[in-house]
Amino acid sequence: MYKIVHICLIIILGVICVFDIKRKKIPVYMLIVLAAAGIISNFTVGEFDIEKRIIAMLPGMILLIVSMITKQQIGYGDGMIILIMGLYIDIDDILSIVLSSFLLSSIAAIILMTVFKKKKNFEMAFSPFLLIGYGLVKGVYFICG
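From a predicted model like this one, the values you see are computed outputs, not experimental measurements.

A. Structural context of the overall build of the chain. Counting its secondary structure elements, the chain contains six helices and zero strands. Counting helices and strands in the order they occur from the N terminus, the chain gives α-α-α-α-α-α. Here the C-alpha radius of gyration of the chain, 15 Å, is about what a compact globule of 145 residues would show, namely 15 Å. If one aligns the C-alpha atoms of the chain with their principal axes, the spans along those axes are about 50 × 35 × 25 Å.

B. Representation of a nonpolar patch on the surface in the model. On the surface, I39, F43, F48, I50, I54, I55, L58, M61 and I62 cluster together into a nonpolar patch covering about 820 Å² of accessible area. Looking at the nonpolar patch, the elements with two or more residues in it are α2 (28-44) and α3 (50-69). A total of six residues in the nonpolar patch trace back to one element, the largest contributor, which is α3. Tracing the backbone shows I50 in helix α3. Residue classification places I50 among the exposed positions, given a relative accessible area of 52%.

C. Layout of the environment of I54. Considering the arrangement of structural elements, one finds I54 in helix α3. Sequence spacing of I54 and L103 is 49 residues, and the spatial spacing of their C-alpha atoms is 25 Å.

D. Fine view of the nonpolar core. Membership of the largest hydrophobic core comes to 30 residues, with the highest contact counts inside it found for I16, L34, I81, M85 and Y88. Where this core is concerned, the elements lending two or more residues are α1 (2-23), α2, α3, α4 (76-85), α5 (91-114) and α6 (127-144). Sequence-distant contacts of I81, that is, excluding residues within four places in its chain, are made with L13, I16, I26, L31, S127 and L130.

E. Expanded view of the side chain of H6. In this structure, H6 sits in helix α1. Here H6 is in contact with Y88, I89, Y134 and K138, once residues within four sequence places are set aside.

F. Structural context of the packing of aromatic side chains. Counting across every chain of the model gives two aromatic pairs. Seen from their ring centres, F19 and Y29 are 6.5 Å apart, and the 85° between their planes marks the pair as edge-to-face. Of this pair, F19 sits in helix α1 while Y29 sits in helix α2, placing them ten residues apart in sequence. The exposure class assigned to Y29 is partly exposed, which follows from its relative accessible area of 49%.

G. Up close: the environment of V33. Take V33: it is sitting in helix α2. Exposure remark for V33: the relative accessible area of 42% places this residue in the partly exposed category. The spatial distance from the C-alpha of V33 to the C-alpha of I12 is 8.3 Å, given a sequence separation of 21 residues.

Conventions and cut-offs
- Residues numbered from 1 in each chain as written.
- Predicted model: local features only at pLDDT ≥ 70, side-chain atom pairs only at ≥ 80, totals over all residues.
- Heavy atoms only, no water.
- Helix = DSSP H or I, 4+ residues; strand = E, 2+ residues; numbered from the N terminus.
- Rg over C-alpha atoms; globule rule 2.2 N^0.38 Å.
- Patch = residues over 30% accessible without salt bridge, like charges linked within 9 Å, V, L, I, M, F, W, Y side chains within 5 Å.
- Areas by Shrake-Rupley, 256 points an atom, 1.4 Å probe, with all protein chains shown as cover.
- Salt bridge = Lys/Arg side-chain N within 4 Å of Asp/Glu carboxyl O.
- Buried < 20%, exposed > 50% of the residue type's maximum accessible area, 1.4 Å probe, protein only.
- Core = buried A, V, L, I, M, F, W, Y, C linked by side-chain atoms within 4.5 Å.
- Contact = heavy atoms within 4.5 Å.
- Phe/Tyr/Trp six-rings, centres within 6.5 Å; stacked < 30°, edge-to-face > 60°.

Pasting the structure below:
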């Protein structure tokens, strides 16, 4: 059942990525579906530890605050995705995913600015990097045991 939860998360994140890339906006109903699935999975798969979930949701809460302060330089949707991912995975994984996502998006931005001559204020969807970061982190754990 645990693997099914992660497969569902990957599928939902993939759909969100398509919306984010095409429209630079994440539909609220997709976030609701993602959150509902996370809440349901917590009650149906193993033990539910509310303290553990709240701690795992902290990076998303912090990014939402940063989003408000920076007037959405980082979008609310990205913060919400990270917040909701805390319903699915532990804080260690969340931090690894967020850090790898920021690293990957920074590399992509540097390439886009140097090779493709994008302006430094261009907008880039962040959710694909979250999906890739999720895949990398969970893939490494899967391979390494």
